[in-house]
Amino acid sequence: MKGQCLYSVKDGFAILEVDNPPVNPLSEGVRVGIVDCLEKAQADSNIHGIILTGKGRSFIAGADISEFGKPPNEEIPTIHAVLEKLESSEKPVVAAINGSALGGGLETALCCNYRVSSSKGFVGLPEVNLGLLPGAGGTQRLPRIIGPSEALKMMLTGKHVPAKKAEEMGIIDKITDADVIEESIKFLHDKKNDPLPKVRDLNSKLNDVSGDEKVIVEARALAAKIRKGQFAPNKIIQCVDAAINADSFDEGMKKEQEFFIECLLNPQREAMIHIFFSERAASKIQDVPKETEIMPIKKAAIIGSGTMGGGIAMCFANAGIPVHIIDQDENNLERGVAVIKDNYDFMMNKGRIDENQKDAVMGLITSGLEYDEIADADIVIEAVYENLDLKKEIFKKLDEVVKKDAILASNTSGLDIDALAKVTNRPEMVVGTHFFSPANIMRLLEVVRAEKTSDQVLATIMSVGKKLKKAPVVSLNAPGFIGNRMLFGYTTQANKLLLEGALPHQIDSALENFGMSMGPFRMMDLVGLDLGWRARKLSKTNPPVTALINDALCEQDRFGQKTNKGFYNYKEGSRAPHPAPENEKLYEKVSEDNGYKRREISDTEIVDRCILALVNEGAKILQEGVSQRSGDMDVVYINGYGFPIWRGGPMQYANMEGLEKVSNKIDEFAKNDPDFWSKAEIIEQLSKENGRFGEAPTKEERKEKLSFNQTSVAKNF
Ligand code: 3HC
């Protein structure tokens, strides 16, 4: 049985310490342990009160997520049974919150009579991120303490609330910098003559809003804005509605149970829990030992003060790491630093940071024109525009100037990291760090492992990525890495669908209804249609058939959002797309000239072709070992490409659809377009075995024929 609860006695108080490292979830052993310890404390007449706390850095991080979806063990008390025992204790109980009290952890604390927290503690009900609702009384108890409106905000956003704020809101009775157990004992001494308060008995905050629909209407609006397509948020709102309107606390609890089970059985729960575990798995590199020493990163440097450089500098400053930006052009540098300041001003005006925080982060960012200024940096990230020769020059210079044990990283979306490593005398210290724009906001960080990158550098970058609050994912150094290589097939299919008769707004809305945050043509308009067009002109290459419409639009100065017209029309100063019927003649002409017979295309075909293009390329990436596991690619698509989290990423989507079905559809598409739809061998194989995508084959397991062929993929980029 996983986990336990330790029992000790201090000054006549029972100390119950949850011990289930590293974050103390309520696994079976913990539940059994808490019940046993409570019974022991109740039975001992020398015990005056009970202190419930957690061992290590967490109080209780919630239910054990790995238990969801498995059959329950009837012999073990449920979380509800544990909490009932806690709440009905005849002796006063304090939750001594020593760290994270999340989900079932906060729900446990809300069943105690009091909550004392260390100043480092934090609370939250993040179940919504797992496709669930707080199902151990959280939806009924939290609104009773902080009011339904604030409770709904906490539950719908899933945000963590630091102890100080939680005290102001009334969730926590006292915070302390001293030992939280000692302080909890003192607290109980002070309260010894008071009747024992129970959150379930507090009704005034619910009565205040009874009969007023505003709270529920506002919550629905919030859910629609931040949780589009998700099942659990509406159920959370229904639970709080029940808390306000049900005849009793127990009635509300019954509703919560009903809705919790609905969430548990919904496929979104499996998909979102898959992402929770995949994000954690992605930061582990199969052949890099766990004990690999992490290099200290105390000072960072960025080369280039453009949009990417500035955004990356903000990430370091936000993580408390001093960062120096250099640029060869003084005006660029001034402009770049001014943009950073504007971004922080914007955040301050929105109330996301206060003035002190702004001053603190700005204080960590310095800038200059000379390479000598960064000689002592522990990591340098080059973030100039995508030109291999320029990057090589910079790497040569960095190798000369920067201390020998510093990491040299390139922020590139596709250039060859080995080529950069080769110009230095420290190829083992060279790595790719592909941030996504805007770098200070997007969570994805593709870490590109070059041939000689050392284990220590990789382990350090993964740890830095986590410190910068990113979701780091490792890719081998192969064209397009993971994300852009998969994207290529997706946009190719979108362009083919346009040639075959679908219109941009139909394709976009089919994919947005599937859950993508932005359809491919809106995305192309945002990025700028002129980029590819100019590159093709410069290199004098003929556009592929899928780029003909793009280039014809550019010939008419339709570059996308930057010229207020592209695949869509835009009103000056607005990013809202409006269909552009004037383009339709052009689409028809290009189709006709290239032998495409335009036809009605269903939304189902649009979604299948675009999404299965991602899946098929993802499968090839997996079998080649460019990505370590299918879950890594899901993390890439959720955090970098607007794939809906509730579908679990493209590879999980295929797993849940069933690989036999996926394989049959690809066979069907291949009848009309065999070149594009060359099926990944792994799909064929898994579909026969009724299997699922999982880990990539190891180097030794990979057959020669599956080994990565850079040139075959390179032709697409
Ligand atoms: N159950 C099972 N395992 C958990 C877990 C949980 N609730 N929370 C974390 N873990 C595991 C992680 O998978 C990871 O395992 P690994 O080392 O094998 O990869 C390990 O604990 C450490 O986790 P992190 O890497 O995330 O550690 P951090 O220090 O970065 O973060 C944390 C700690 C903030 C507690 C973070 O782990 C977290 O957010 N956990 C999930 C909290 C949560 O969602 N709770 C709600 C659960 S559902 C619930 O309670 C339902 C109830 O209402 C009935």
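Bear in mind the structure is a predicted one, so any value in this text is a computation, not a measurement.

Another aspect to go through is a nonpolar patch on the surface. Taken together, the side chains of Leu526, Val527 and Leu531 make up a nonpolar region of the molecular surface, amounting to roughly 260 Å² of accessible area. Relative to the helices and strands, Leu531 resides in helix α22 (residues 530–539).

In an α-helix, one turn spans 3.6 residues, which is why side chains three or four residues apart end up on the same side. In this model, helix α18 (residues 455–467) (13 residues) spans 18 Å end to end at C-alpha, consistent with the 18 Å of a helix rising 1.5 Å per residue. When we look at burial in α18, the residues that qualify are Val457, Leu458, Ala459, Thr460, Ile461, Met462, Val464 and Gly465. Phi turns positive one or two residues past the end of α18, at Lys469, with a value near 65°.

Partitioning the protein chain into domains gives domain 1 (4–265), domain 2 (300–477) and domain 3 (502–593). Between the C-alpha centres of domain 1 and domain 3 there is a distance of 50 Å.

Most of strand β18 (residues 471–476) is tucked away, with five of its six residues classed as buried. Across six bridges, strand β17 (residues 444–449) lies against β18 in parallel orientation. Along β18, the bridge assignment pairs Arg449 with Leu476. Crossover connection from β17 via α18 to parallel β18: handedness right-handed.

What follows deals with the state of the cysteines. One pass over the structure, following the stated rule, counts zero disulfides. The closest cysteine sulfur to the non-disulfide-bonded Cys5 is located on Cys37, 3.9 Å from its own sulfur. The thiol of Cys239 is unpaired, and the distance to the nearest cysteine sulfur, on Cys263, comes to 7.6 Å.

Attention now moves to the sheet that holds strand β2 (residues 13–19). With mixed pairing, six strands are arranged side by side in an open sheet as β1-β2-β3-β5-β7-β10. Strands with a single pairing partner mark the edges of an open sheet, and in this sheet they are β1 (4–10) and β10 (174–176). Across the sheet, the mean angle from the axis of one strand to that of its neighbour is 25°, orientation sign disregarded. Looking at chain direction, strand β7 (residues 114–118) and β10 are connected through three bridges and run parallel. Note that in β10 the partner of Val116 across the bridge is Lys174. Across the sheet, helix α1 (residues 28–43) touches β1, β2 and β3 (49–54), and the angle it forms with β1 is around 25°.

So, on to the packing of aromatic side chains. For the coordinates displayed, the defined rule picks out twelve aromatic pairs. Here the aromatic rings of Tyr637 and Tyr641 are separated by 4.4 Å at their centres, their planes lie at 15°, and the arrangement is stacked. For Tyr641, a relative accessible area of 11% puts it in the buried group. Aromatic side chains Phe669 and Trp677 sit 5.0 Å apart centroid to centroid with 45° between the ring planes, which places their arrangement in the tilted category. Note on Trp677: relative accessible area 3%, which makes it buried. By way of ring pairs, the aromatic residues Phe436, Tyr637 and Tyr641 are connected into one cluster. Positioned above the aromatic ring of Tyr371, the side-chain terminus of Lys397 is 5.7 Å from the ring centre. Sitting above the plane of the Phe514 ring, Arg647 keeps its charged end 4.0 Å from the centroid.

Along the chain, Gln561 turns up in the loop between α23 (548–555) and β19 (568–569). For Gln561, a relative accessible area of 18% corresponds to the buried category. For Gln561, the contacting residues outside a window of four places in its chain are Asp525, Leu526, Tyr570 and Arg575.

Quick look at unusual backbone geometry now. With an omega dihedral of 5°, the bond running from Pro21 to Pro22 counts as a cis peptide bond. Along the chain, Pro22 falls in the loop between β2 and α1. With an omega dihedral of -5°, the bond running from Ser437 to Pro438 counts as a cis peptide bond. Note on placement: Pro438 falls in the loop between β16 (430–435) and β17. Notably, Lys469 is not glycine yet its phi reads approximately 65°, a positive angle. Positionally, Lys469 belongs in the loop between α18 and β18. Residue classification places Lys469 among the exposed residues on the basis of a relative accessible area of 67%. Positive phi is not limited to glycine here, since Asn690 has a value of about 55°.

Our next topic: the environment of Gly170. Following the sequence through the fold, Gly170 ends up in the loop between α6 (163–169) and β10. As a C-alpha pair, Gly170 and Asn343 span 173 residues in sequence and 33 Å in three-dimensional space.

The environment of the ligand is made up of 25 residues, and the closest members are Arg57, Glu107, Glu127, Arg280 and Lys284. Backbone polar atom of Gly104 to an oxygen atom of the ligand: 2.8 Å apart, as the coordinates give it. Within the contact set of the ligand, an oxygen atom lies 2.7 Å away from a side-chain nitrogen or oxygen of Glu107. Coverage of the ligand by the protein chains reaches 78% of its 990 Å² of free accessible surface. Elements represented by at least two residues in the shell around the ligand include exactly β6 (100–102), α3 (104–109) and α12 (267–282). The dominant element in the shell around the ligand, judged by the number of residues it contributes, is α12, at three residues. Residues that form the shell around the ligand fall into these classes: 13 nonpolar, five polar and seven charged.

What follows covers the nonpolar core. Ranked by internal contacts, the top residues of the largest apolar core, which has 71 residues, are Ile507, Leu511, Ile549, Phe567, Ile611, Ile683 and Phe693. Here the element with the most residues in this core is helix α25 (residues 603–624); it accounts for eleven residues. Counting residues domain by domain, this core receives three or more from each of domain 2 (300–477) and domain 3 (502–593). If near-sequence neighbours (up to four positions away) are discounted, Phe693 is found in contact with Val615, Ala619, Leu622, Ser630, Met651, Ala654, Asn655, Leu659, Ile682, Ile683 and Leu686. The next biggest cluster of nonpolar side chains, apart from the first, holds 69 residues, and it includes Ala101, Leu132, Met155 and Met169.

What counts and what doesn't
- Residues numbered from 1 in each chain as written.
- Predicted model: local features only at pLDDT ≥ 70, side-chain atom pairs only at ≥ 80, totals over all residues.
- Heavy atoms only, no water.
- Patch = residues over 30% accessible without salt bridge, like charges linked within 9 Å, V, L, I, M, F, W, Y side chains within 5 Å.
- Areas by Shrake-Rupley, 256 points an atom, 1.4 Å probe, with all protein chains shown as cover.
- Salt bridge = Lys/Arg side-chain N within 4 Å of Asp/Glu carboxyl O.
- Helix = DSSP H or I, 4+ residues; strand = E, 2+ residues; numbered from the N terminus.
- Expected span 1.5 Å × (residues − 1).
- Buried < 20%, exposed > 50% of the residue type's maximum accessible area, 1.4 Å probe, protein only.
- Domains from an automatic or database assignment.
- Pairing = 2+ DSSP bridges.
- Right-handed = clockwise from strand over helix to strand, strands pointing away.
- Disulfide = S-S within 2.5 Å.
- Axes fitted to C-alpha atoms, helices over the stretch in contact; angles between N-to-C directions.
- Contact = heavy atoms within 4.5 Å.
- Phe/Tyr/Trp six-rings, centres within 6.5 Å; stacked < 30°, edge-to-face > 60°.
- Lys NZ or Arg CZ within 6 Å of the ring centre and 35° of its normal.
- Near = heavy atom within 4 Å.
- Polar contact = N/O pair within 3.5 Å; in protein donor to acceptor, adjacent residues only side chain to side chain.
- Nonpolar A, V, L, I, M, F, W, Y, C, P; charged D, E, K, R; others polar.
- Core = buried A, V, L, I, M, F, W, Y, C linked by side-chain atoms within 4.5 Å.

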